[in-house]
Amino acid sequence: MSYYIKPFDELKPGRMVMYRVVERLRDFKPDDGVEYMVFPNRKKMKTAIFVDLYIGKNGKLVKMKNKSLLRF
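My aim in this report is to walk through the structure given alongside it, one point at a time. (Residues numbered from 1 in each chain as written. Predicted model: local features only at pLDDT ≥ 70, side-chain atom pairs only at ≥ 80, totals over all residues. Heavy atoms only, no water.)

Right, let's get into the overall build of the protein chain. Looking only at helices and strands, the protein chain features one helix and five strands. Ordered by position from the N terminus, the helices and strands of the protein chain form the series β-β-β-α-β-β. In terms of overall size, the protein chain behaves like a compact globule, its C-alpha atoms giving a radius of gyration of 12 Å where 72 residues would be expected to give roughly 11 Å. Based on the C-alpha atoms only, the size of the protein chain along its principal axes is roughly 30 × 25 × 25 Å. Relative to its 72 residues, the protein chain shows a buried fraction of 31%. In the form shown here, the protein chain has an accessible surface area of approximately 5,600 Å², with 54% of it arising from carbon and sulfur atoms. (Helix = DSSP H or I, 4+ residues; strand = E, 2+ residues; numbered from the N terminus. Rg over C-alpha atoms; globule rule 2.2 N^0.38 Å. Buried < 20%, exposed > 50% of the residue type's maximum accessible area, 1.4 Å probe, protein only. Areas by Shrake-Rupley, 256 points an atom, 1.4 Å probe, with all protein chains shown as cover.)

So this is what it looks like as structure tokens:
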């Protein structure tokens, strides 16, 4: 299984989106304090309505329990 990760910033229409693909979440080294969108696979990346947000803390991704993203 591959994870698709990109920094979460304000989504602007017409901008190209680049994801980083990693095999394990621990393979990704995030910047501290930066929020990231994480998809567990390509299918969820295209069809998921709710997106989990993670934040970089001490070189690891930590799931944010009080914040998520709704796409429609």
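There is more to say, and it comes next.
A full pass over the atoms with the stated rule returns two aromatic pairs. With centroids separated by 5.2 Å and ring planes inclined at 85°, the aromatic side chains of Phe28 and Tyr36 adopt a geometry described as edge-to-face. For the residue pair Phe28 and Tyr36, the accessibility class agrees, reading buried in each case. (Phe/Tyr/Trp six-rings, centres within 6.5 Å; stacked < 30°, edge-to-face > 60°.)

Right, let's get into the sheet that holds strand β1 (residues 3–7). Spatial strand order, β2-β1-β3-β4-β5: five strands in an open sheet with antiparallel pairing. Unpaired on one side and paired on the other, β2 (20–22) and β5 (60–70) mark the two borders of the sheet. Here the strands of the sheet are splayed against their neighbours by 35° on average, with no regard to which way each runs. Where β1 meets strand β3 (residues 35–39), four bridges bridge the pair, whose relative direction is antiparallel. Residue pairing in the sheet places Ile5 in a bridge with Val38 of β3. (Pairing = 2+ DSSP bridges. Axes fitted to C-alpha atoms, helices over the stretch in contact; angles between N-to-C directions.)

Right, let's talk about the pairing of β5 for a bit. Across seven bridges, the pairing between strand β4 (residues 50–57) and β5 is antiparallel. Note that in β5 the partner of Asp52 across the bridge is Ser68. Between β4 and β5, which pair antiparallel in sequence order, lie two residues; one of them, Asn58, sits at a positive phi of approximately 55°.

Next up on the list: the pairing of β1. The element β1 is extensively covered by neighbouring structure, given that four of its five residues are classed as buried. Relative to β2, β1 runs antiparallel, the two sharing three bridges. Bridging across to β2, Ile5 finds its partner in Arg20.

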